[in-house]
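Structure at a glance
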Amino acid sequence: MKYILYGAGNKGKTDLNMLLEHNLEIIGFCDSNKAGSVVTSDAGEFSVYSVEEIRKEFKEDRDVKIIISIANREEYVKVEKMLREEGFTVTEIERELYGDMNDKRINSRKYIAEYHIKEMDSYFKYAETEEGMHKFWGKDSVFYKMFVQLNLENVVELACGRGRHVPEYINEAKEIVLVDILEKNISICKDKFKGDPRICYYVNNGYDLNRLESDSYTAVFSYDAMVHFEMLDIFSYLKEIERILRPGGKALIHHSNNTEDYRITFSTGTNGRNYMSADLFAHLGNRAGLEILDQQLIDWGGTKESDCLTLLEKPL
């Protein structure tokens, strides 16, 4: 099987590298705005075709599939409709990377983790700048106003990335557990905070916290990560958060408020926002045994109210 990537932007380039590492054959890209150019990677140069060119050269080739690598859902749907009407086979990148599995949740979790390994260097260059940090820690930020309601005596930071938030709260904490699915992230954190006895590290599986003791932590928070997670994984985490929090402990979670299409995943939702809403998250929190104290909708990446902050509490 051979593949064409529709979209030659940053997402398409990241998807290209992932597909190549899985030894899949890539013909090139389709992008009418960049047709005639080339995309350069460690594996060589890949041509960027127009829609007319792929229609002429590849439409009758049954061994060619198209993967859409576009970060805007509305545009994704238009392109998908056009390609299917043209008779092309459109496929999901998760299916091609990890096999024709029935459990989309597992495929999506794998893709989220692998994608972030590939693109996190460029992402963190911005995320760790003063502007990137101000979104969370500026005194006028809704994040900060909710965060100060947490008791940081024993705090768990879920999906901690490279630990960029730790310096903002470490002096208020007695014990910190940094949790991430990516071993590379935890290794960077260990090096960054080497020798600090207040910090413990945990590479988990992406859906539970089974190494952490029940009724032991005063706070859990997650910023700029759970917006990408599968809903069922979020529910699993909420049940775990209820288990590990002390009675009266609070959790502050930054999650998606994107219900543009029930079929979306991290790879197909606008700005990587997976399927979730403020109301759905509140419902899941309630079913996990947590009380909802506050919710605030926020804009992100130019999309109005695409995200939500939810503050939860474990009842006394």
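Everything that follows concerns the structure shown earlier in this document.
This text gives an overview of the structure that appears in the document. (Residues numbered from 1 in each chain as written. Predicted model: local features only at pLDDT ≥ 70, side-chain atom pairs only at ≥ 80, totals over all residues. Heavy atoms only, no water.)

A closer look at the pattern of salt bridges
What counts, and what does not: For this analysis, a salt bridge means a side-chain nitrogen from Lys or Arg found within 4 Å of a carboxyl oxygen belonging to Asp or Glu. In this text, helices come from DSSP runs of H or I with a minimum length of four residues, and strands from runs of E with a minimum of two, each type numbered from the N-terminal end. Whether a residue is buried, partly exposed or exposed follows from its accessible area with a 1.4 Å probe, protein chains only, as a fraction of its type maximum: under 20%, in between, or over 50%, in that order.
Counting across every chain of the model gives 21 salt bridges. A salt bridge links Arg55 to Glu86; the nearest nitrogen and oxygen atoms lie 2.9 Å apart. Here Arg55 is found in helix 2 (residues 51-58), whereas its partner Glu86 is found in helix 3 (residues 73-86), with 31 residues between them in sequence. Here Glu86 falls in the buried class, since its relative accessible area comes to 18%. Notably, a salt bridge pairs Asp233 with Arg105, separated by 2.5 Å at the nearest N-O pair. Taken together, the residues span a long stretch of sequence, with Asp233 in helix 10 (residues 231-244) and Arg105 in helix 5 (residues 104-127) at a distance of 128 residues. Judged by relative accessible area, Asp233 falls into the buried class, the value being 2%. You can call Arg105 partly exposed: its relative accessible area is 22%.

Observations regarding the pairing of strand 3 (residues 38-41)
Stated precisely, the cut-off is as follows: Paired strands are those between which DSSP finds at least two bridges.
The alternating pattern of strand 3 places Val39 and Ser41 on a buried face, while none of Val38 and Thr40, on the opposite face, is buried. Both strand 3 and strand 4 (residues 44-49) contribute to a ladder of four bridges, which runs antiparallel. The residue of strand 4 that forms the bridge with Val39 is Phe46. Between strand 3 and the antiparallel strand that follows it, strand 4, lie two residues.

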